Amino acid sequence: MSDVAVRMENVYKKFRKGEIYNTLRDLIPALTGKMFQQQELSASDKREFWALQDISFEVKRGEAFAIIGPNGAGKSTMLKLLSRVMKPTRGSFYLPGKCSALIELGAGFHQDLTGRENIYLYGTILGMTKREIATKFDDIVDFSGLAEFIDTPIKRYSSGMYTRLGFAVASHVNPDVLLVDEVLSVGDALFQRQCIEYMQTIIQNGATVLFVSHNLRTVAEFCPRTLLIDHGREVTTGPTAKAINEYKSRLQEHRLADQSRPVVITGVEVRDDNGPCHRFQTGQKAWIDIEALAHQACSKIAVVIAVLDENHDELFATSTERLRHGSVSLKSGEVLRCTFEIDLGLGPGIYYLSVFLFRYDSDHRFDNWQVTESILVWSADDTTGPVNLFPKVVRHEVCGSGVTQNRLNPLVRSRS
Amino acid sequence: MKDSLIELYQYRELLYMLAYRDIKVRYKQSIMGFLWAILMPILIIMAGIVVRYAYALASGKPLESADIIEVAVKSVPWAFVVSSVRFGCNSLVNNSNLVTKIYFPKEVFPLAAALASLFDFAVASSALLIVLVAIRVHWSVQLLWVPALLLIMVVLASGFGMMVSAASLFFRDVKYLVEVLLTFGIFFTPVFYSVSMLGNKGRWLLLNPVAPILEGLSACIAHQQSPNLPWIGYSLSFAIAVFIGGYLFFKHLEPAFAESI
C-alpha cells in the first residue's frame, strides 16, 4: 500500500433542491412535461446546486488532517463522501483502508435491545466480526463504564450513557482512517477527554485522522494541516494556523454580508491596559470593546456579555440594561460602540467570552458572537473552581494541649 | 458485481445480527412470544378450510383429510412469502438513519428481513410437522423435493424483497402497491384451492411463480406425487432471474439511497 491514505481529485457533488418526485403521481406529469416542453427541463436544472466543486486534497498515512468551514460550506457532504455513504457526482476519490467514523454515535442502536446486544449489533454495523467483538467485549464495557447496566434495554439509558456506549464501541474498531465529526461538542467533560485521548492513541498507532469540524481549538491542537472550504469550494490548504486565520476573516465577511439580521456584531476585542490580550492574572482588569452595525432600524438593543467556562457553561452574565445603562435604538447604517470593564475575579483556568445583542421586552436575540480565542487566567495561588475568593492564610499554628473549644477563633465571639 | 458479492460475504455477520434484531424486537414484550409466528399461518389455514368446506358443499364432493393437509402445507409457505416481501419492502425506509450514515452493503436489510421471516417460517413449519406426524400422514420418497422447493421459494421472495425495498425508497407508492398485491395475491395463488379445480384455465395461474412451488409442495406432501417438473423449472428460472435482477437493480440504485430517502 502506498503512503497515501485518502485522496480526492477534482471532486464535485451535485444535489437537487426541493422535493424529488416521491410518488408516481408527481413523476408522471413531470416526465411528460420533460418530453414535451424544453422549458420544464431547464427549470429542473435550476433546482440543482453544487454542494462541492473541484475539491482536491491528499492525506498521508498517519497524518491528522482537518477540514473546516462555516455552516453550509459543504462539510457534511464531505463527510458523507468520505464515509462512502454518497458517491461524488464527478471526480475520483481514493480511500483504500478500513474507514470508521465517529459520527452520530449509536446510530445503529435499537431501543428495545440490551446494552450487550447493542454492542454486538453496532459493532457488526461498523464492520467488526462477531469474534472480534467477543474478544474486545470486556474492554468495551470497561471503557463505557456501564457494566451494571449492560443487560438493561438501552431505552432506559440516559442520553449521556447512550453516547458513551456508542463511543466505546466505535473506538474499538481499529480503523486505518478515522473520521471525526462534531462528536466532541456533545457529552460531558470526562467524555470529551476520553475522545481526545482516544484520538491521540489512534494517531500514535499510525492511523490517519480526518477531522471535520468547526471546533477550531481542537483542530489547532491536533492537526498540522487544514483544508478550508467555503460555499463548496476549496479556499486554502495548508498550515492550520493560516487556515484558521483565513477562516476567521471569512466569518467576518459572512457576518457583514448577512443582511437577514437587522443588526450584527462586527467586532469584539478583549484587552488589558496595554492592548489586545488573552492571558490575564486573576483579579486583573479587562476591557471588552464591542462594535455593532445596524442594517435596518432597530430599537431597544441591549449589549449582553457572558463568561463561559471550558465546557461552555455560563458562569456570569450582565448587560448594559442590567447595569442601568439602558438600551439604544439604531438607525440603518449606524454603528454602536460599547466597552465593558470587568475585574477578572476568576480562578485559574480557561474561559470563553460570548457577546450578544438582546431585546429584553420581546426576548429577541439579534446576534451573538463567540470570541474564538479562549481567555486564560493564571494565578500565583493554587486554587480550583471558577471563582477566585482571594484566600489568605492568616493563622496557621500548632497549639499546645488544653485549648478550649470555644476559643477556636479569638476574633469571633462565641455564638452560644 | 464480483466485488460487491465479496463485500456482502464479508458483512454476513451483520446480516445475521440484523435478522436476530428483527426477530428479537418482534417478540420482545409480547406475552405470546413465538406463538405469534404460528398464529398467522393458523388463521390462513382456518380460512382455507372454510373455503374448502364451502367448495365441498357446492360441488357435492365430501371434504377429505388430504384437502385439509393440502391447504395447510400451502398456507405456511405463503405466509412466509407475504411476510418476507412485506418486511423487506419497508426495511430500508425503516432503517433510514443507518442508510444515510454508515457505509455497508445495504442489501443486508431486505435479506435480513427475509431471514427473519424464514425463522418464523421454521417455527410454524415445525409446528405443522408435529401435527402431520401426529395424524400419521403417509410419507413417500417424494418428500425429498421439499427442500428444493422451499429453496426456490426463499430465493424468489428475497429477490422480490430487494427489488421492492429499493423501489419503495424512491417511490412510496411501491409500498402501497405491494400491500395490495400481497393482500389479494392469495386469490390469484393456489393456496385455498388447487389449480386442477379450475380445469384447463387453471394453467394460467401457474404463471404466478409462487403457484408451481405451492402446487409442488402439496403434491409431494399431501398426495405423494412428484411435482410438475416443467413448471418447477419455470419457477426456478423465474426465481433466479428475480434474484439476480433484483440484486443488480438494488446495486444500481444504492449510491443514490442516502440522498433520496
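Treat the numbers as computed from the prediction; the structure is a model and nothing was measured.

1. Looking at the overall build of chain B
Scanning chain B for helices and strands turns up 11 helices and zero strands. Ordered by position from the N terminus, the helices and strands of chain B form the series α-α-α-α-α-α-α-α-α-α-α. Taking 18 Å as the expected radius of gyration for a compact globule of 261 residues, we find that chain B reaches 19 Å, a close match to that expectation. Residues classed as buried in chain B amount to 43% of the 261 residues present. For chain B, the share of sequence-separated contacts (at least 6 apart) that also reach a separation of at least 24 residues comes to 78%.

2. Considerations on the interface of chain B and chain A
Counting from both sides, the interface comprises 21 residues of chain B and, opposite them, 25 residues of chain A. Counting only elements with at least two residues in the side of chain B that touches chain A, the list comes to α2 (12–27), α5 (96–101) and α11 (257–260) of chain B.

3. Description of helix α7 (residues 145–170) of chain B
Its 26 residues give α7(B) an end-to-end C-alpha distance of 39 Å, which sits within 8% of 38 Å, the value for a rise of 1.5 Å per residue. Here α7(B) lies mainly inside the structure; 19 of its 26 residues are buried.

4. Digging into the confidence of the model for chain B
Residue and element names in this part refer to chain B. The pLDDT averaged across chain B works out to 92; a share of 100% of its residues lies at or above 70. For chain B, α11 is the element with the lowest average pLDDT, namely 86, and helix α10 (residues 229–253) is the one with the highest, namely 96. Here the complex is predicted with pTM 0.76, and the ipTM for its interfaces comes to 0.88.

5. A look at the pairing of strand β14 (residues 298–308) of chain A
Sheet faces and side chains relate simply in a regular strand, where the side chains alternate between the two faces. Residues and elements named next belong to chain A. Where β14 lies against strand β16 (residues 328–330), two bridges are found, and the strand directions are antiparallel. Directly across from Cys298, in β16, lies its bridge partner Leu330. When β14 meets strand β18 (residues 349–359), the two strands line up antiparallel, connected through seven bridges. For Leu308, the partnering residue across the bridge sits in β18 and is Tyr352. Two strands pair when backbone bridges link them, and β14 and strand β15 (residues 314–319) are joined in this way by five bridges, in the antiparallel orientation. Opposite Val304, over in β15, you have Ser319 as the bridge partner.

6. Quick word on the sheet that holds strand β10 (residues 263–272) of chain A
Residues and elements named next belong to chain A. With antiparallel pairing, four strands are arranged side by side in an open sheet as β11-β10-β13-β17. The open sheet terminates on both sides in strands that have one partner only, identified here as β11 (275–276) and β17 (335–343). Two elements, β10 and strand β13 (residues 285–294), share eight bridges in a ladder whose sense is antiparallel. Bridge assignment links Val263 to a residue of β13, and that residue is Ala294.

7. Regarding the nonpolar core
Core analysis: the biggest nonpolar cluster contains 137 residues, and A:Leu179, A:Leu210, A:Phe211, B:Ala112 and B:Leu156 have the highest contact counts within it. No other element matches the 14 residues that α7(B) contributes to this core. If near-sequence neighbours (up to four positions away) are discounted, B:Ala112 is found in contact with B:Leu15, B:Leu18, B:Ala19 and B:Asp22. The next biggest cluster of nonpolar side chains, apart from the first, holds 23 residues, and it includes A:Ile265, A:Cys298, A:Ile305 and A:Leu330.

8. A short note on the environment of A:Ser379
Residues and elements named next belong to chain A. Along the polypeptide, Ser379 turns up in the segment after β20 (375–378). In sequence terms Ser379 and Leu346 are 33 residues apart; their C-alpha atoms lie 9.1 Å from each other. When residues no more than four places from it in sequence are discounted, the contact partners of Ser379 are Gln281, Thr282, Gly347, Pro348 and Asn388.

9. Some details on the packing of helix α5 (residues 130–144) of chain A against helix α6 (residues 159–170) of chain A
Residue and element names in this part refer to chain A. Packing of α5 against α6 leaves a shortest axis separation of 8 Å and a crossing angle of 145°. When you trace α5 past α6, the crossing you get is right-handed. Residue-level contacts link Ile140, Phe143 and Ser144 of α5 to Arg164, Leu165, Ala168 and Val169 of α6. A breakdown of the residues in the contact of α5 with α6 according to their chemical character gives five nonpolar, one polar and one charged.

10. Digging into the pairing of β20(A)
Residues and elements named next belong to chain A. Alternating positions in β20 separate cleanly, Ile375 and Val377 being buried on one face and Leu376 and Trp378 remaining unburied on the opposite face. Looking at chain direction, strand β12 (residues 279–281) and β20 are connected through three bridges and run parallel. Among the inter-strand pairings, Phe280 is bridged to a residue of β20, identified as Val377. Bridge count for β18 against β20 is three bridges, and the pairing is antiparallel. Among the inter-strand pairings, Tyr351 is bridged to a residue of β20, identified as Ile375.

11. Let's talk about helix α9 (residues 210–221) of chain B
Three- or four-residue spacings in an α-helix give side chains the same orientation, since the helix completes a turn every 3.6 residues. Residues and elements named next belong to chain B. Spanning 12 residues, α9 covers 17 Å between terminal C-alpha atoms, matching the ideal 16 Å at 1.5 Å per step. Taking burial as the measure, the 12 residues of α9 include 12 buried ones, the bulk of the element. The set of residues buried in α9 consists of Val210, Ala211, Pro212, Ile213, Leu214, Glu215, Gly216, Leu217, Ser218, Ala219, Cys220 and Ile221. Along its buried surface, α9 packs onto α4 (65–94), α7 and α10.

12. Re the packing of α4(B) against α9(B)
Residues and elements named next belong to chain B. Contact pair α4 / α9: the axes reach a minimum separation of 9 Å and the direction vectors enclose 145°. By crossing handedness, the relation of α4 to α9 is classed as right-handed. Note on element contacts: α9 touches α4 through Val210, Leu214, Leu217, Ser218 and Ile221, opposite Ile69, Glu70, Val73, Lys74, Pro77, Trp78 and Val81. Residue classes in the contact of α4 with α9 are distributed as nine nonpolar, one polar and two charged.

13. Notes on the environment of A:Thr383
All names here are of chain A. In this fold, Thr383 is placed in the segment after β20. A C-alpha to C-alpha distance of 34 Å links Thr383 and Gln204, two positions 179 residues apart in sequence. With residues near it in sequence (within four places) discarded, Thr383 still touches Gly347, Pro348, Asn388 and Pro391.

14. Describing the confidence of the model for chain A
Mean pLDDT over chain A: 83, with 85% of residues reaching 70 or higher. Contacts from residues 38–43 of chain A, a stretch scored under 50 in pLDDT, to residues over four places away or in other chains number three contacts.

15. Focus: unusual backbone geometry
What is expected of a backbone is that most residues other than glycine have negative phi and most peptide bonds are trans. Residue and element names in this part refer to chain A. Residue Asn10 is not a glycine yet carries a positive backbone phi of 45°. Among the structural elements, Asn10 can be located in strand β1 (residues 4–16). A tally of 12 C-beta atoms within 10 Å means that Asn10 is categorised as exposed. With a phi close to 45°, Phe390 is a non-glycine residue in the positive phi region. You can see Phe390 is positioned in the segment after β20.

16. A short note on the environment of B:Ile68
Positionally, B:Ile68 belongs in helix α4. Sequence separation between B:Ile68 and B:Gln224 is 156 residues, and the spatial gap between their C-alpha atoms is 15 Å.

Rules used throughout
Positions within a chain are numbered from 1, following the residues in the order the chain's sequence is written. Labels are handed out in written order, letters beginning with A for the chains and numbers beginning with 1 for the ligands. A pLDDT threshold of at least 70 governs which residues receive local features in this predicted model, and a stricter bar of 80 or more applies before side-chain atom pairs are shown or counted, although totals over entire chains, interfaces and linings include all residues. Here a helix means four or more residues in a row that DSSP labels H or I, a strand means two or more in a row labelled E, and each is numbered from the N terminus. Here the globule rule reads 2.2 Å times residues to the power 0.38, and the radius of gyration is calculated from C-alpha atoms. Once C-beta atoms are placed from the backbone, each residue is buried if 20 or more other C-beta atoms lie within 10 Å of its own, exposed if 12 or fewer, and partly exposed for counts between those two. What counts as a contact is two residues whose backbone-derived C-beta atoms lie within 7 Å of each other. Each residue after the first adds 1.5 Å to the expected span of a helix. Here pLDDT means the predictor's own confidence in every residue, given as a number from 0 to 100. We call two strands paired when DSSP finds no fewer than two bridges between them. Core membership is restricted to buried Ala, Val, Leu, Ile, Met, Phe, Trp, Tyr and Cys residues, and these are joined into a nonpolar core through C-beta atoms within 7 Å. Angles here are taken between N-to-C directions and fall from 0 to 180 degrees, while the axes themselves are lines fitted to C-alpha atoms, restricted in helices to the stretch in contact. Each crossing gets its hand from how the near helix is turned against the far one by less than a right angle, where anticlockwise is left-handed and clockwise is right-handed. Throughout, the ten residues Ala, Val, Leu, Ile, Met, Phe, Trp, Tyr, Cys and Pro are labelled nonpolar, Asp, Glu, Lys and Arg are labelled charged, and all others, Gly among them, are labelled polar.

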